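Observations on the three-dimensional arrangement
Here's the letter readout for the chains.
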Amino acid sequence: MGPFAIGEEDFLLRGEPFRVLSGAVHYFRVHPDLWQDRIRKARLMGLNTIETYVPWNEHVPHPGAFTAEGQLDLGRFLDLVAAEGMQAIVRPGPFICAEWDNGGLPAWLFSDPTVGIRSSEPGYLAAVDSFFAAILPTVAERQIGRGGPVIMVQIENEYGAYGNDKHYLQHLVDLVKREGIDVPLFTCDQPFGTMIEDGSLPELHKTGTFGSRATERLEVLRRHQPSGPLMCAEFWNGWFDNWGTHHHTTNAAASAAELDALLAAGASVNVYMFHGGTNFGFTNGANDKGIYEPTITSYDYDAPLTEDGYPTEKYFAFREVISKYFPVPDELPERRPQAVASTVMVHASVPVLDVLPALGAALDAPGPAPTTEDAAHYRGFTLYSTVLERGGVLTVGEVRDRAQFFLAGVPVGVLSRDLGERAIALPSGGLLQVLVEDQGRVNYGQRIGEVKGLIAPVKLDGEELLGWEIRPLDFAALQELRGAAGALGPGGGGVAGPSVSFADFEADGPEDRYLRLDGWTKGNAFINGFNLGRYWSRGPQRTLYIPAPLIRAGRNELAVLELHGSVTREVRFVDSPDLGPDEK
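Notes on the structure in this doc start here. If you're wondering where the values come from, they're calculated on a predicted model, not measured in any experiment.

**Section: the environment of Glu389**
Tracing the backbone through its elements, the reader meets Glu389 in the loop between β17 (380-388) and β18 (392-395). Judged by its relative accessible area of 83%, Glu389 is exposed. In the structure, Glu389 is positioned 188 residues away from Leu201 in sequence and 60 Å away in space, judged by C-alpha atoms.

The structure is reproduced here in structure tokens:
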């Protein structure tokens, strides 16, 4: 028996009963300079363990391109957990859901339509083998038996809600063991129907995922697993938000009561989320249960620790519950200080359609409209171009996910996936350019792994359009764009879109800030070259969080990619975050 084991009734840490009091913190959603702060605040709430997913698509953005640096340095994150005197649970997937782009599965994997998804299909398994061989040594060398913090590793993730391929699950078990993982392995599933049995194997410890009716859910879990410690591996104490909806919150007292019920029943728990963090860049996922709903940039989740790392009423309510059963530290985390508030004006702007060569090379596609996968482009924006001999009604098989149409550089309309739009009237022929935004890949259900872009056939008055140019756009080239930007003249008008506009501001040094873009429509914002994520006047989110380490002493640069145009050149930094109105 290793230093951490599963007993008849309890988890055992060095032979003694141990209750796992865990909190979810995704290292890939938090600036690495802030990891230590978030981990420490978990300990101050009374937790003894940190849990994290591992996003395959971040670590391997292109085939063979494994990276584990900076915000992806899982080893450093686990070392900081250990330094805080806490244990760690790692959930490497390969599927993670997490409201993360494609549920963590790399989009490049599905460029080959024969590759399976979450199954024992050989091509899929070979790719999983390669990823696990790259990432699991980092976990293995930090297992508790080797002096590290890792006490458990999860196999797959809520697999019973998707399939029941036991050969696939067994392959994953054999694989993680082959890569040196010897701590207990577990699965998590919702305690409904056949999900628990479908998503696990007899040798794996079963855990549940739920956020309410804890006593009832634990009873279902116990029926499926007569012995061993009970655990809620995802105690949903909040929820995520989609664009165009309200900001989801849960009552702190009600959530604390459910946590109390869990602990009173002797169960272990992983608070999902303890600290949600941010979907920086283009990393947000989406849901599609008949209507496509992309997730917002903030992953605050109404968690005990806010997106920017400060305790909430829920934090203190949970801490009080935990203190009934276990000692908690005397120290309390500080409340959010008032941030610097100021207004800056963008002073230069460049139209996106004028600087296309700086954003990426064009590829010829002589046949039907290609997908973004055909161009090896897996996130963000893509420009399609073709020349039309005449106007007419243009139809698409599907748009994934939002397309802006331009004739000779003039905007003529938008097609949106969430509205089910597939046809647009074009008044004339000429150069047609279509700016397509991948708004986030579906992270749950049967639409995982779908391709993006203009989905063929694309027809004009019923006749398929053949012969396209497709250009992946990379907005990392901000300095080159700034060099091409023209100074904005006097006056209080806004900027046209699509464009990239620039502003400078001064700061005394690193400090959290909150960017508010009232009067702007939709796009992305960048601080000193870092993509903060998407904004949209549709809401509910009204501010973008700027982590303190992104701000430097002296001059800082803000860039705003605006897709449609603004009614102002003004950009505001406000003193606190605003994620929109709660549900009433």
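Okay, back to it.
**Some words on the sheet that holds β18**
Strand pairing in a sheet takes place through backbone hydrogen bonds and is either antiparallel or parallel in direction. Pairing is antiparallel in the open sheet, where four strands are placed in the order β22-β18-β25-β26. Two strands in the sheet have a free side with no partner beyond their single neighbour: β22 (423-426) and β26 (463-464). Here β18 pairs with strand β25 (residues 459-460) via two bridges, running antiparallel. Its bridge partner being in β25, Leu394 is matched across the sheet by Leu460.

**Digging into the side chain of Arg471**
Here Arg471 lies in strand β27 (residues 468-473). Residue contacts for Arg471: discarding those within four places in its chain leaves Leu356, Pro357, Gly360, Ala361, Ala362, Thr382 and Leu383.

**What about the packing of helix α7 (residues 214-224) against helix α8 (residues 252-264)?**
Where α7 contacts α8, the two axes come as close as 9 Å, and the packing angle between them is 40°. The angle between the axes of α7 and α8 places the two elements in the oblique class. For the pair formed by α7 and α8, the contact residues are Ala214, Thr215 and Leu218 on the first element and Glu258, Ala261 and Leu262 on the second. Residue composition of the contact of α7 with α8, by class: four nonpolar, one polar and one charged.

**Here's the deal with the sheet that holds strand β33 (residues 543-546)**
The strand order β14-β35-β30-β33 describes an open sheet built from four strands, whose pairing is antiparallel. Either end of the sheet is taken by a strand with one partner, and the two such strands are β14 (342-345) and β33. Here the average twist between neighbouring strands, direction ignored, is 30°. By the bridge criterion, four bridges tie β14 to strand β35 (residues 570-574) in an arrangement that is antiparallel. Looking across to β35, one finds that Val344 is bridged to Val571.

**With respect to the environment of Ile296**
Here Ile296 shows up in the loop between β13 (292-294) and α9 (313-323). According to the relative accessible area criterion, Ile296 is buried, its value standing at 1%. Taking the C-alpha atoms as reference points, Ile296 and Gly244, separated by 52 residues in sequence, lie 9.2 Å from one another. Those residues in contact with Ile296, other than ones at most four positions away along the chain, are Asp241, Asn242, Trp243, Asn279, Asn284, Pro540 and Gln541.

**Comments concerning the packing of helix α4 (residues 122-140) against helix α5 (residues 166-178)**
Viewed as axis vectors pointing N to C, α4 and α5 meet at an angle of 30°, and their least axial separation amounts to 10 Å. Between α4 and α5, the interaxial angle falls into the category roughly parallel. Crossing angle aside, the handedness with which α4 passes α5 is right-handed. Listed contacts from α5 to Tyr124, Leu125, Val128, Asp129, Phe132 and Leu136 of α4 are Tyr168, His171, Leu172, Leu175, Val176 and Arg178. Within the contact of α4 with α5, the residues separate by chemical class into nine nonpolar, one polar and two charged.

**Considerations on the state of the cysteines**
Counting across every chain of the model gives zero disulfides. Unpaired in this structure, Cys97 has its nearest cysteine sulfur neighbour in Cys188, at a distance of 9.9 Å.

**What about the pairing of strand β5 (residues 49-53)?**
On any regular strand, side chains alternate: one points to one face of the sheet, the next to the other face. The buried count for β5 comes to five of five residues, which makes it a mostly enclosed element. Side chains Thr49, Glu51 and Tyr53 of β5 all project onto a buried face; the interleaved residues Ile50 and Thr52 project onto the opposite face, where all are buried too. Two elements, strand β4 (residues 21-25) and β5, share three bridges in a ladder whose sense is parallel. Paired with Ala24 across the bridge in β5 is Glu51. Where β5 lies against strand β6 (residues 87-91), five bridges are found, and the strand directions are parallel. The residue bridging Glu51 from the neighbouring strand is Ile89, located in β6.

**Side note on the pairing of β4**
Within β4, five of the five residues are buried, which leaves the element mostly enclosed by the surrounding structure. Covered by surrounding structure in β4 are Leu21, Gly23 and Val25 together with Ser22 and Ala24, the residues of both alternating faces. As paired elements, β4 and strand β11 (residues 268-275) share four bridges and run parallel to each other. Directly across from Ser22, in β11, lies its bridge partner Asn270. Crossover β4 to β5 through helix α1 (residues 35-45) is right-handed.

**Side note on the side chain of Glu84**
Position of Glu84 relative to the elements: it lies in the loop between α3 (74-83) and β6. A polar side-chain atom of Glu84 sits 2.7 Å from a polar atom in the side chain of Arg43. Leave out the neighbours within four places in its chain, and Glu84 touches Ile39, Arg40 and Arg43.

**Re α3**
Burial in α3 covers these residues: Leu74, Gly75, Phe77, Leu78, Leu80 and Val81. Its buried side turned inward, α3 meets β4, α1, β5, β6, α4 and β7 (150-154). Just downstream of α3 lies Gly85, where phi reads positive at about 75°.

Definitions and cut-offs
- Residues numbered from 1 in each chain as written.
- Predicted model: local features only at pLDDT ≥ 70, side-chain atom pairs only at ≥ 80, totals over all residues.
- Heavy atoms only, no water.
- Helix = DSSP H or I, 4+ residues; strand = E, 2+ residues; numbered from the N terminus.
- Buried < 20%, exposed > 50% of the residue type's maximum accessible area, 1.4 Å probe, protein only.
- Pairing = 2+ DSSP bridges.
- Contact = heavy atoms within 4.5 Å.
- Axes fitted to C-alpha atoms, helices over the stretch in contact; angles between N-to-C directions.
- Parallel < 35°, antiparallel > 145°, perpendicular 65-115°, else oblique.
- Nonpolar A, V, L, I, M, F, W, Y, C, P; charged D, E, K, R; others polar.
- Left-handed = near helix turned anticlockwise from the far one by under 90°.
- Disulfide = S-S within 2.5 Å.
- Right-handed = clockwise from strand over helix to strand, strands pointing away.
- Polar contact = N/O pair within 3.5 Å; in protein donor to acceptor, adjacent residues only side chain to side chain.

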